Amino acid sequence: MKHTRIRTFNTKVTYPEQNLDNDLCQAVVARGSTVFLRGQIGQNLDTSESVCIGDVAGQTEQAMYNIKMLLEEAGGELEDICKITIYIIDPRYREDVYRIVGKWLKGVFPVSTGIVVSALARPEWLVEIDATAVIPD
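Reading the values: the criteria
- Residues numbered from 1 in each chain as written.
- Predicted model: local features only at pLDDT ≥ 70, side-chain atom pairs only at ≥ 80, totals over all residues.
- Heavy atoms only, no water.
- Helix = DSSP H or I, 4+ residues; strand = E, 2+ residues; numbered from the N terminus.
- Expected span 1.5 Å × (residues − 1).
- Contact = heavy atoms within 4.5 Å.
- Polar contact = N/O pair within 3.5 Å; in protein donor to acceptor, adjacent residues only side chain to side chain.
- Pairing = 2+ DSSP bridges.
- Axes fitted to C-alpha atoms, helices over the stretch in contact; angles between N-to-C directions.
- 1 Å grid on protein atoms, 1.4 Å probe; cavity = no way out; pocket = protein on both sides within 12 Å on 5 of 7 lines; lining within 4 Å.
- Points joined across faces, edges and corners; volume = space filled by probe spheres on them.
- Nonpolar A, V, L, I, M, F, W, Y, C, P; charged D, E, K, R; others polar.

Caption draft 1: Quick peek at helix H2 (residues 56-73). Between its first and last C-alpha atoms H2 spans 26 Å; for 18 residues at 1.5 Å apiece the expected length is 26 Å, and the two agree. Among the structural elements, strand E5 (33-36), strand E6 (81-88), helix H3 (94-104) and strand E8 (127-135) are those in contact with the buried residues of H2. By the N-cap criterion, in which a side-chain oxygen at the helix start approaches the backbone nitrogen of a residue two or three places on, H2 is capped by Asp55, the distance to Ala57 being 3.2 Å. Note on H2: the residue one or two positions beyond its end, Gly75, has a positive phi of about 95°.

Here is the structure:
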């Protein structure tokens, strides 16, 4: 791991009643260049077109693809992520969203916060994922 991850855990143990497999931690100590990403949603960054309307899994995949692409454009990679915040508009989306995020961030162990909100900036958006990464010097 690129950064010091304190008290790593997997959600299979922490939330045994849910079908999740996310590698997370309680704190991250990082040194380097900080990259703050805007919250990513189910939108194609090149065309600004909303994708996967009505499909929270598809929107989550697009958001994670966007995060990967933006980090690479900044000179980093997914393994540089220290903190994510996941916003969903319905608590029933949690397992679907977290399963996909967990797949993209397997072995990364970021700090994570999940929030249920009443709406996002556009009515067709179901999930938004905010990430902060530190690219080591």
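Caption draft 2: How the structure looks around the sheet that holds E8. Judged by pairing direction, the sheet is mixed, and its 4 strands sit side by side in the order E5-E8-E6-E7 without closing on themselves. Each edge of the open sheet is held by one strand with a lone partner, namely E5 and strand E7 (111-116). Averaged over all pairs of adjacent strands, the angle between strand axes in this sheet comes to 10°, irrespective of strand direction. Examined bridge by bridge, E6 and E7 share 6 bridges and lie parallel to one another.

Caption draft 3: Main features of empty space enclosed by the protein. Applying the stated criterion across every chain yields a total of 1 cavity of 30 Å³ or more. Its volume calculated, the largest cavity comes out at about 50 Å³. If you trace the largest cavity, you find it lined by Asn22, Asp23, Leu24, Ile84, Ile86, Tyr98, Val101, Gly102, Leu105, Pro110 and Ser112. Listed by contribution, the elements that provide at least two residues to the lining of the largest cavity are strand E3 (23-24), E6 and H3. Per-element accounting of the lining of the largest cavity gives the leading share, 3 residues, to H3. Looking at side-chain class alone, the lining of the largest cavity contains 7 nonpolar, 3 polar and 1 charged residues.

Keep in mind these numbers describe shape, not what the thing actually does.
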